[in-house]
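What follows is each chain in one-letter form.
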Amino acid sequence: AQTVTQSQPEMSVQEAETVTLSCTYDTSESDYYLFWYKQPPSRQMILVIRQEAYKQQNATENRFSVNFQKAAKSFSLKISDSQLGDAAMYFCAYTENSGNTPLVFGKGTRLSVIA
Amino acid sequence: DAGVTQSPTHLIKTRGQQVTLRCSPKSGHDTVSWYQQALGQGPQFIFQYYEEEERQRGNFPDRFSGHQFPNYSSELNVNALLLGDSALYLCASSPDAQETQYFGPGTRLLVL
């Protein structure tokens, strides 16, 4: 079974600085998708960024970017120019590329942003 | 364009009771998945509905059941509630054969 591991239960970053959240996963599949979701105290799970495993180029979305290392099964999220609104739980998730397979989530990393 | 909506936002029940949670998918989405998120944990997959049928199921007992209606909205039913069923229940929708799922705000269930 696929597993997703987030080894950092909590992280903190100064406003305007850069922080990296770690994620590793285990799968025997060669084609899959990886996601980072943000869950603020409002509880809404918001999609931050997604990466297709067959693409070598790392995904970017404004201040958010990933470092996807397929051989190492590593998928870290970098947040640049951190803002107070970035404070939230961040979840790494995996799904197979077979259409509508369930998301497998890590346990999350709580990010605090210090003003 | 409305996103995924869920009702109610909060619910308090007692052990042994039954509960029904509701979800309306994002416009244009025909697939609905349900997840349970215990406090301090990541979401766990319960089941997925497509064309009014349960297509996949996670490791949850038969007390958890669901339904999808012709307009793609969905219900999650939990019978014989246990204290351990207290959690945030998340609904996610996606177009068929698409990998990205979009989540609703969740229903917080407390079982006393």
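Reading the values: rules and limits
- For every chain, the first residue of the written sequence is number 1, and numbering continues from 1 onward in sequence order.
- Lettering for chains starts from A, numbering for ligands starts from 1, and both go in the order in which the items are written.
- Given that this is a predicted model, residues contribute local features only at a pLDDT of at least 70 and side-chain atom pairs are listed and counted only at 80 or more, while totals for whole chains, interfaces and linings are drawn from all residues.
- Excluded from the side-chain calculation are hydrogens and water; included are all heavy atoms of the structure.
- The numbering of helices and of strands both runs from the N terminus, where a helix is a DSSP run of H or I of at least 4 residues and a strand a run of E of at least 2.
- Here the globule rule reads 2.2 Å times residues to the power 0.38, and the radius of gyration is calculated from C-alpha atoms.
- Each residue is placed in one exposure class: buried if its accessible area under a 1.4 Å probe, protein chains only, is under 20% of its type's maximum, exposed if it is over 50%, and partly exposed if it falls in between.
- Positive: Lys, Arg. Negative: Asp, Glu. His and the chain ends are not part of the count.
- A charge is said to be at NZ when it belongs to Lys, at CZ for Arg, at CG for Asp and at CD for Glu.
- To count toward a patch, a residue needs a relative accessible area over 30% and no salt bridge; like charges are then connected within 9 Å, while nonpolar side chains (Val, Leu, Ile, Met, Phe, Trp, Tyr) are connected within 5 Å.
- Note that accessible areas follow from Shrake-Rupley with a 1.4 Å probe, and for residues the cover is restricted to the protein chains shown.
- A pair is scored as a salt bridge if a Lys or Arg side-chain nitrogen falls within 4 Å of a carboxyl oxygen belonging to Asp or Glu.

Explain the overall build of chain B to me, please; I cannot follow it from the model alone.
Helix and strand counts for chain B come out as 0 helices and 11 strands. Each helix and strand of chain B, placed in order from N terminus to C terminus, yields the pattern β-β-β-β-β-β-β-β-β-β-β. A compact globule built from 112 residues should have a C-alpha radius of gyration of about 13 Å, and chain B, at 13 Å, falls within 12% of that. Expressed along its principal axes, the backbone C-alpha trace of chain B runs to roughly 40 × 25 × 25 Å. The 112 residues of chain B split such that 48% are buried. Side-chain charges in chain B split into 8 positive and 11 negative, and the spacing between the mean points of these groups amounts to 13 Å.

Would you mind going over a nonpolar patch on the surface with me for this structure?
Taken together, Ile12(B), Leu110(B) and Leu112(B) make up a surface patch of nonpolar side chains, about 300 Å² in accessible area. Summarising the element assignment, Leu112(B) is placed in the segment after strand E11 (107–111).

Would you take a moment to explain the pattern of salt bridges for this structure?
Residue and element names in this part refer to chain B. For the structure shown, the criterion picks out 7 salt bridges over all chains. In this structure, Arg63 engages Asp85 in a salt bridge whose closest nitrogen and oxygen atoms are separated by 2.9 Å. Here Arg63, found in the loop between strand E6 (53–57) and strand E7 (64–68), pairs with Asp85, found in the loop between strand E8 (74–78) and strand E9 (87–94); they are 22 residues apart in sequence, far enough to count as distant. With relative accessibility at 19%, the residue Arg63 sits in the buried group.

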